[in-house]
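# Topology and contacts: notes
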Amino acid sequence: EDDWDEQYLDCELYFFFFQAEDGIRDAQESRGLGDVYKRQVHGVFTNDTKYIVAGDQGGIVNLYNLEQERIVHKFGTKDYHAVVALRVTPNSRYIVTLNNHSLMTVWDLELRELHFKVDTSNLQGSNVTNLAVTPDNQFIIATSLNKWIYVFSFQTKALVKAKQSLELTKDPQIQITADNKYLITSVANAGIKVQLLNGLTEVHTLRDTNSSSMLNNEVRSLVLT
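Let us look at the structure shown here.

How each quantity is defined
- Residues numbered from 1 in each chain as written.
- Predicted model: local features only at pLDDT ≥ 70, side-chain atom pairs only at ≥ 80, totals over all residues.
- Heavy atoms only, no water.
- Pairing = 2+ DSSP bridges.
- Helix = DSSP H or I, 4+ residues; strand = E, 2+ residues; numbered from the N terminus.
- Axes fitted to C-alpha atoms, helices over the stretch in contact; angles between N-to-C directions.
- 1 Å grid on protein atoms, 1.4 Å probe; cavity = no way out; pocket = protein on both sides within 12 Å on 5 of 7 lines; lining within 4 Å.
- Points joined across faces, edges and corners; volume = space filled by probe spheres on them.
- Nonpolar A, V, L, I, M, F, W, Y, C, P; charged D, E, K, R; others polar.
- Phe/Tyr/Trp six-rings, centres within 6.5 Å; stacked < 30°, edge-to-face > 60°.
- Buried < 20%, exposed > 50% of the residue type's maximum accessible area, 1.4 Å probe, protein only.
- Contact = heavy atoms within 4.5 Å.
- Core = buried A, V, L, I, M, F, W, Y, C linked by side-chain atoms within 4.5 Å.

Turning our attention to the sheet that holds strand β6 (residues 94-99). In space, the 4 strands of this open sheet follow the order β5-β6-β7-β8, with antiparallel pairing throughout. The open sheet terminates on both sides in strands that have one partner only, identified here as β5 (83-88) and β8 (113-119). The sheet shows a mean angle of 15° between the axes of neighbouring strands, taken without regard to direction. Note: β5 against β6, 5 bridges, orientation antiparallel. For alanine 85, the partnering residue across the bridge sits in β6 and is leucine 98.

Attention now moves to the layout of surface pockets. Counted as a void, the largest pocket has a volume near 510 Å³. If you go around the largest pocket, you meet 22 residues; those closest to its centre are Arg87, Val88, Ala132, Val133 and Gln175. Elements with a minimum of two residues in the lining of the largest pocket: β1 (40-45), β5, β9 (128-133) and β13 (174-176). Across the lining of the largest pocket, the residue classes tally to 12 nonpolar, 9 polar and 1 charged.

This part covers the packing of aromatic side chains. Scanning the entire structure with this criterion turns up 4 aromatic pairs. Relative to tryptophan 107, the ring of phenylalanine 75 has its centre 5.5 Å away and its plane inclined at 45°; by these criteria the two rings are tilted. Linking phenylalanine 75 in strand β4 (residues 70-75) with tryptophan 107 in strand β7 (residues 103-108), this pair joins segments that are 32 residues apart in sequence. Assigned by exposure class, phenylalanine 75 and tryptophan 107 land together as buried. Ring centres of tyrosine 94 and phenylalanine 154 lie 5.1 Å apart, and the angle between their planes is 20°; on these two criteria the pair is classed as stacked. Taken together, the positions of tyrosine 94 in strand β6 and phenylalanine 154 in the loop between β11 (148-153) and β12 (158-164) put the pair 60 residues apart, joining distant regions of the chain. By way of ring pairs, the aromatic residues Trp148, Tyr150 and Phe152 are connected into one cluster.

On the secondary structure map, glycine 59 appears in the loop between β2 (51-56) and β3 (61-65). Note on glycine 59: relative accessible area 17%, which makes it buried. Residues glycine 59 and leucine 98, spaced 39 residues apart in sequence, show a C-alpha to C-alpha distance of 9.4 Å. Residues within four places of glycine 59 in sequence aside, it is in contact with Phe75, Thr77, Asp79, His81 and Val83.

This part is about the nonpolar core. Val96, Met104, Leu131, Ile140, Phe152 and Phe154 are the most contacted members of the largest nonpolar core, which has 18 residues in total. Those elements giving two or more residues to this core turn out to be β6, β7, β8, β9, β10 (139-144) and β11. Ignoring anything within four residues of it in the chain, the contact list for methionine 104 reads Val96, Thr97, Leu98, Phe116, Lys117, Val118, Thr120, Leu131, Ile140 and Phe152.

Right, here's the structure in full:
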């Protein structure tokens, strides 16, 4: 039997919280608690764990420095077009956002400036709702309510491929495998489609065809191990 009085656990514990008076401290702008909860609608860590990137309902993307415990930069201007999707490239170089007026914006986190932007409402199919970034930091994958898949290049700053896929769910979920080979999307009747990222050609569709309860259901979340 172990003697628990002589056992020690070596670990580090981190706490993240909003300060009740001002939310996360900001030397330039102080906000009340209610405003903090309303405004910060999307937040992700950079992969180097130096920053939290948070988009808000006013259209601003805030860069929080974890060591300094404050906002160190604000991307964009307050236009009241809420950020509805936000991604950071695996190399922590670019921030990709989408607002509720279909404007996709790419910010250079290192240079703290605009890299490029695309008004996706002008694209065939439009109504983009979801974003993903390829593990090699080369492309942005976007999906729309009208069942289109778009591929944008960080290098050329432009759309390089668009394809309609009528099987996609209304709000398609997307993931990209770590080897940069496959695109995984949610499709109708609780299905999952696997496509080659290069060319967007279908490899296989996974669906439980023996279960009637799966009909008309949708996959709401995708996570890759």
